[in-house]
Amino acid sequence: MAAAWFTLGLPWPVCAFHQITGLPCITCGMTRCSVQFFHGHFLAAVKWNPLVFAALCGVMAFDLYAFGALVMRAPRLRIAFQQREKKYARGIVVSALALNWIYLLMHWRNF
Ligand SMILES: [Zn+2]
């Protein structure tokens, strides 16, 4: 959908938070990161938004796994979190979001 959007020459999405504050929001750089990622410019993609880059790598890894599991008719991998593990997972996600935003704020001049 994004590829079709840019192929049609439609305008880049505008961030309301950035428009108001002049600072990047937690998802700023997502579009530019994705464009760089899909052009194979991985270092540039990391610089735009490290968390989005990690998410794109995760999606690619999952897609490869899913394709392999389908082709080989292998049993699906199941991960069941216990309550304690869910608590740590939430902490990791919140920390990753916070660290990513700190990184973006440190590089606010790029936006
Ligand atoms: Zn933004």
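Residues numbered from 1 in each chain as written. Predicted model: local features only at pLDDT ≥ 70, side-chain atom pairs only at ≥ 80, totals over all residues.

(A) Geometry of unusual backbone geometry. A positive phi angle, close to 50 degrees, is found at R73, a residue other than glycine. By the secondary structure assignment, R73 is in the loop between helix 5 (50–71) and helix 6 (83–106). (Helix = DSSP H or I, 4+ residues; strand = E, 2+ residues; numbered from the N terminus.)

(B) Spotlight on the nonpolar core. In terms of nonpolar packing, the biggest core is built from 7 residues, these being C33, F37, A45, W48, L51, V52 and F53. Counting only elements with at least two residues in this core, the list comes to helix 3 (30–38), helix 4 (42–48) and helix 5. For this core, the leading source of residues is helix 5, giving 3 residues. When near neighbours in sequence (up to four residues on either side) are disregarded, W48 contacts G29, R32, C33 and Q36. (Core = buried A, V, L, I, M, F, W, Y, C linked by C-beta atoms within 7 Å. Buried ≥ 20, exposed ≤ 12 C-beta atoms within 10 Å, placed from the backbone. Contact = placed C-beta atoms within 7 Å.)

(C) Local environment of the environment of V71. Tracing the backbone shows V71 in helix 5. Separated by 69 residues in the primary sequence, V71 and A2 have C-alpha atoms spaced 28 Å apart.

(D) Focus on helix 5. With 22 residues, helix 5 extends 31 Å from end C-alpha to end C-alpha; this agrees with the ideal 32 Å at 1.5 Å per step. By the burial criterion, the buried members of helix 5 are L51, V52 and F53. Those residues of helix 5 that are buried lie in contact with helix 3, helix 4 and helix 6. After helix 5 finishes, the residue R73 shows a positive phi value of roughly 50 degrees. (Expected span 1.5 Å × (residues − 1).)

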